[in-house]
Amino acid sequence: MTLRISVIGTNYLGANTAAGMAEFGFEVIGVEINESRVKLLNEGKAPLYEPGLDPLLKKHTDSGRLRFTTDYREIADWADVHFICVGTPQSDGDYAADLSQVDSVVEMLAPHLTKPTLVVGRSTVPVGTAARLHERFRAESPAGDGVDLAWQPEFLREAHGVDDTLHPDRLVFGVASEAAEQRLREVFATPIAEGSPVVVSNRETAELVKGAANAFLATKISFINALAEMCDVTGADVSELADALGFDNRIGRGMLNAGPGYGGGCLPKDLRSFMARAGELGVEEIITFLRAVDEINRRRRSRIIDVAHELVGADWAGRKVAVLGAAFKAGTDDVRSSPALDIAGRIQLHGATVTVYDPQATENARRVRPTLNYASSATQACEGAHVVLHLTEWPEFRELDPAELKTVVSNPVIVDGRLLLDAEAWRAAGWIYRAPGKP
Ligand code: UGA
């Protein structure tokens, strides 16, 4: 019989998981408390911009294999496996993760579980959460000890979510029973047959893998960003340095692009949650080291503002600034912890008039920073600008014609925060071009 899967929480992770499970051939119901989002999803529309996700949702809402509901009672005894995919944001005023959404899943689901079932957590949580939730499910479900709980962290990158769901680079099954491992092998039979490696571990290891992976990626980015400053004072080129380092297989070129620092809904908050948990567990040394990673990241934003200020000269007041990009990276409309938007907001606080352009994220950016100006094209954002800042790596910014753009700005000055524009072409067109980390 076809496995029945429920996916609880349908934001970025849940929408990808639900669509992916349907593509693997299972019957899927996504559960979501937000009614308007359920309506949208049932029409095959994702609640966010993610390349390839809408067509996959549509394919399976049309095929009848996938639907969405607000009703936990519908899924409780219907599903063979329940995936928890709700958010675990940073707590207000605290580095720890806010687990209220995960706990509310237990409250909503547990009272309806009357037969043996497997619950699988995919959300990013501090180590120790799975064991605690399992106790709660046992205590609060009529099925009692019949509820098993596993942790199976996800490693999806925004803008590549569909591909990473269907073809994961690894699968980590954190289990407390043989039966849970077998069930997970059944669920992920397609990618396993394709060659995705499987690591089976206890739940604590699986929880730590996710936090550790993001902490390591953040460390790599901060490492290269720290070196960008070394490059600035020595005349070296951080991009060439990264290329040379990357040829060493032990290092690898990935996550070595210097820029405005890491942002998004994952790396910043996961690093902090990791630090908070290490503190709770009494391993303070880890905090010292990761705090440096976080500080370098913040410093990078200030560095870009300082370089722009130096080029503008005098005071920010009365100056016009064009910011190219609002999303935390290209390929998404996500502006959570976006370096671009943070830099734009801080320059505005200094008294400049800041106009932002982003091909996808304007609506989200406007919600978060309503006082910034928003343009509908890069050229419009640059009109009358005294300095242009390139802060999100959308391909269309690399296709801008420097000669044409020069005719609309007040001063042809550009700070390439992503280090990706063609320096020679911009300089040849008469621009002052600066990319922190490059000579
Ligand atoms: C990240 C991880 O890469 C995923 O493996 C993980 O599953 C996900 O978080 C998660 O926890 O759910 P994501 O947040 O989509 O994925 O973004 P990344 O592509 O990792 O980029 C994170 C930030 O680092 C962005 O602001 C990006 O611009 C920046 N970055 C990335 C750099 O500054 N330099 C680089 O070389 C790479």
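### Considerations on the overall build of the chain
Scanning the chain from terminus to terminus reveals 19 helices and 14 strands. Since a compact globule built from 439 residues should have a radius of gyration of about 22 Å, the 24 Å found for the chain is in line with a globular shape. Taken over the C-alpha atoms alone, the chain extends approximately 70 × 50 × 40 Å along its principal axes. For the chain, buried positions account for 49% of its 439 residues. Long-range pairs, those at least 24 residues apart, make up 71% of the contacts in the chain with a sequence separation of at least 6.

### Some thoughts on the site of the ligand
In the vicinity of the ligand, 21 residues are found, and the nearest of them are E158, N257, Y262, C266 and K329. Of all the secondary structure elements, the ones that give two or more residues to the shell around the ligand are α10 (203-234) and α12 (267-280). Take the shell around the ligand: its biggest share by element is 3 residues, from α10. Residue composition of the shell around the ligand, grouped by class: 10 nonpolar, 6 polar and 5 charged. Each of domain 1 (4-201) and domain 2 (211-295) accounts for three or more of the residues forming the shell around the ligand.

### Notes on helix α8 (residues 178-187)
Along α8, the residues that are buried comprise A180, R183, L184 and V187. The buried residues of α8 occupy an angular sector of 100 degrees when the element is viewed end-on, so they sit on one face. Each element contacted by the buried residues of α8 is listed here: β4 (81-84), β5 (117-121), β6 (147-151) and β7 (171-174).

### Concerning the pairing of strand β1 (residues 4-8)
Among the 5 residues of β1, 4 are classified as buried, and the element is accordingly described as predominantly covered. Alignment of β1 against strand β2 (residues 27-31), held across 5 bridges, turns out to be parallel. Its bridge partner lying in β2, V7 is registered against G30. Each parallel crossover has a hand, and for β1 linked through helix α1 (residues 12-23) to β2 it is right-handed.

### What about the environment of L109?
Residue placement: L109 occurs in helix α5 (residues 100-109). In this structure L109 comes out as buried when scored by C-beta crowding, with 25 C-beta atoms within 10 Å. Among all residues touching L109, those that are not within four sequence positions of it are Y72, A76 and H82.

### Section: the sheet that holds strand β9 (residues 320-324)
Here we have 6 strands laid out as an open sheet, ordered β11-β10-β9-β12-β13-β14, and parallel in their pairing. The open sheet is flanked by β11 (373-374) and β14 (432-434), the only strands paired with a single partner. As judged from the 2 bridges shared by strand β10 (residues 353-357) and β11, these two strands associate in the parallel manner. The partner of V356 across the bridge, within β11, is Y374. Relative to strand β13 (residues 413-416), helix α13 (residues 284-312) is tilted by about 165 degrees, and along the sheet it contacts β12 (387-390), β13 and β14. Where helix α14 (residues 339-349) meets the sheet, it contacts β9, β10 and β12, and its direction lies at approximately 160 degrees from that of β10.

### Describing the environment of T219
Looking at where T219 falls in the secondary structure, it is placed in helix α10. What makes T219 partly exposed here is the crowd of 17 C-beta atoms within 10 Å. Considered as a pair, T219 and D294 are 75 residues apart in the sequence and their alpha carbons are 8.4 Å apart.

### Digging into the domain arrangement of the chain
Considered domain by domain, the chain is made up of domain 1 (4-201), domain 2 (211-295) and domain 3 (300-434). The C-alpha centroid of domain 3 is placed 24 Å from the C-alpha centroid of domain 2. Taken together, the residues of the side of domain 2 that touches domain 3 sort by class into 3 nonpolar, 7 polar and 1 charged.

### A look at the nonpolar core
Core analysis: the biggest nonpolar cluster contains 65 residues, and V323, L324, V356 and L389 have the highest contact counts within it. In terms of residue count, α10 provides more of this core than any other element does, 6 residues in total. A domain split of this core shows at least three residues from each of domain 2 (211-295) and domain 3 (300-434). When neighbours within four sequence positions are excluded, V323 is seen to be in contact with A340, A344, V354, V356, L389 and L391. Within the second largest apolar cluster, 60 residues are counted, among which are A46, L66, V102 and L113.

### Things to note about the pairing of β7
Burial of β7 is two-sided: the residues L171 and F173 facing one way and the residues V172 and G174 facing the other way are all buried. Sheet analysis places β7 next to strand β8 (residues 198-201), joined by 4 bridges and oriented parallel. When the sheet's bridge partners are listed, V172 is paired in β8 with V199.

### Describing unusual backbone geometry
One non-glycine residue, A159, lies in positive phi territory at about 80 degrees. Secondary-structure assignment places A159 in the loop between β6 and α7 (161-166).

### A short note on the packing of α10 against helix α11 (residues 238-246)
Two numbers describe how α10 lies on α11: the axes approach to 9 Å, and their chain directions differ by 130 degrees. With respect to α11, the axis of α10 lies oblique. Our pair here, α10 against α11, has a crossing hand that is right-handed. Side by side, α10 and α11 meet where I224, L227, A228 and C231 of the first sit next to V238, L241 and A242 of the second.

### Focus on the environment of C85
Looking at the secondary structure, you find C85 in the loop between β4 and α5. The spatial distance from the C-alpha of C85 to the C-alpha of A242 is 35 Å, given a sequence separation of 157 residues. Those residues in contact with C85, other than ones at most four positions away along the chain, are V7, I8, G9, L13, G14, T17, R122 and S123.

Cut-offs used in this document
Residues numbered from 1 in each chain as written. Predicted model: local features only at pLDDT ≥ 70, side-chain atom pairs only at ≥ 80, totals over all residues. Helix = DSSP H or I, 4+ residues; strand = E, 2+ residues; numbered from the N terminus. Rg over C-alpha atoms; globule rule 2.2 N^0.38 Å. Buried ≥ 20, exposed ≤ 12 C-beta atoms within 10 Å, placed from the backbone. Contact = placed C-beta atoms within 7 Å. Near = placed C-beta within 6 Å. Nonpolar A, V, L, I, M, F, W, Y, C, P; charged D, E, K, R; others polar. Domains from an automatic or database assignment. Arc of directions from axis to C-beta. Pairing = 2+ DSSP bridges. Right-handed = clockwise from strand over helix to strand, strands pointing away. Axes fitted to C-alpha atoms, helices over the stretch in contact; angles between N-to-C directions. Core = buried A, V, L, I, M, F, W, Y, C linked by C-beta atoms within 7 Å. Parallel < 35°, antiparallel > 145°, perpendicular 65-115°, else oblique. Left-handed = near helix turned anticlockwise from the far one by under 90°.

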